[in-house]
Amino acid sequence: ESLLCEIYDLRNVMVGFAYGSGGSKDAASILANGMKHLKKIEAVLEIESKKSTAEVVHLVNSKFSAPDFHLFEMLDQFEAFCKTYELGNLYSELKRLQQFKEGFAKLDENKLYLESWLHKELPFNNCMAQFGSLPGPKTYVHTESSKLAAWRNKGVVELNLE
């Protein structure tokens, strides 16, 4: 539960930036705020790695859990944020998080989603956001970007995980 809260705090850093709900608009300070949470999660992964022989170290008892999925999503977004704002390698001080992200992406259980349009063609955030409101991540511009919204008119999504 505390890991979900920590990842939610990390999410709030990005939400504050993307939706302009207070705080700094300086990308470097946003990353610095995010790093506080990422370093805590890095420490958890370090502890878990000592308890596990698995190739991918998960956050809780070497098993998939809700925090793993949310963490993967936030790492995806912060990685793109660093690239977009030329802030360097997100993982330069976060080797366990880099291993987690790369390993989690390689798991067979995640391939269906990660190789689908649901991951590749949907933006991180909705069209109101100033960051990640179009895939790329790019920024959605009202009246100009609707033709780039490739996810529209996709219909009902049904996943068969069998």
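Here's what I pulled together on the structure shown here. Bear in mind that the values here come from a model prediction, so they are computed numbers and not experimental data.

About the cut-offs
Residues numbered from 1 in each chain as written. Predicted model: local features only at pLDDT ≥ 70, side-chain atom pairs only at ≥ 80, totals over all residues. Heavy atoms only, no water. Salt bridge = Lys/Arg side-chain N within 4 Å of Asp/Glu carboxyl O. Helix = DSSP H or I, 4+ residues; strand = E, 2+ residues; numbered from the N terminus. Buried < 20%, exposed > 50% of the residue type's maximum accessible area, 1.4 Å probe, protein only. Phe/Tyr/Trp six-rings, centres within 6.5 Å; stacked < 30°, edge-to-face > 60°.

Our focus in this paragraph is the pattern of salt bridges. Taken as a whole and judged by the stated rule, the model has eight salt bridges. K40 serves as the salt-bridge partner of E6, at 3.7 Å between the closest nitrogen and oxygen. In this pair, E6 is assigned in helix α1 (residues 2-18) and K40 in helix α2 (residues 27-51), connecting sequence segments 34 residues apart. Judged by its relative accessible area of 15%, E6 falls in the buried class. Between K101 and D76 there is a salt bridge, and its shortest N-O distance comes to 3.0 Å. On the criterion of sequence distance, the pair formed by K101 in helix α4 (residues 95-106) and D76 in helix α3 (residues 66-84) is long-range, its members being 25 residues apart. Across the pair, exposure class does not vary: K101 and D76 are buried alike. Here the salt bridges do not stand alone but share partners, grouping E46, K50 and R96 into one network.

Per the counting criterion, the structure on display carries 13 aromatic pairs. Between F17 and Y85 the ring centres are 5.6 Å apart and the planes differ by 90°, which places this aromatic pair in the edge-to-face class. In this pair, F17 is assigned in helix α1 and Y85 in the loop between α3 and α4, connecting sequence segments 68 residues apart. Ring centres of F100 and F104 lie 5.3 Å apart, and the angle between their planes is 20°; this geometry places the pair in the stacked category. In this pair, F100 and F104 both sit in helix α4, four residues apart, roughly one turn of the helix.

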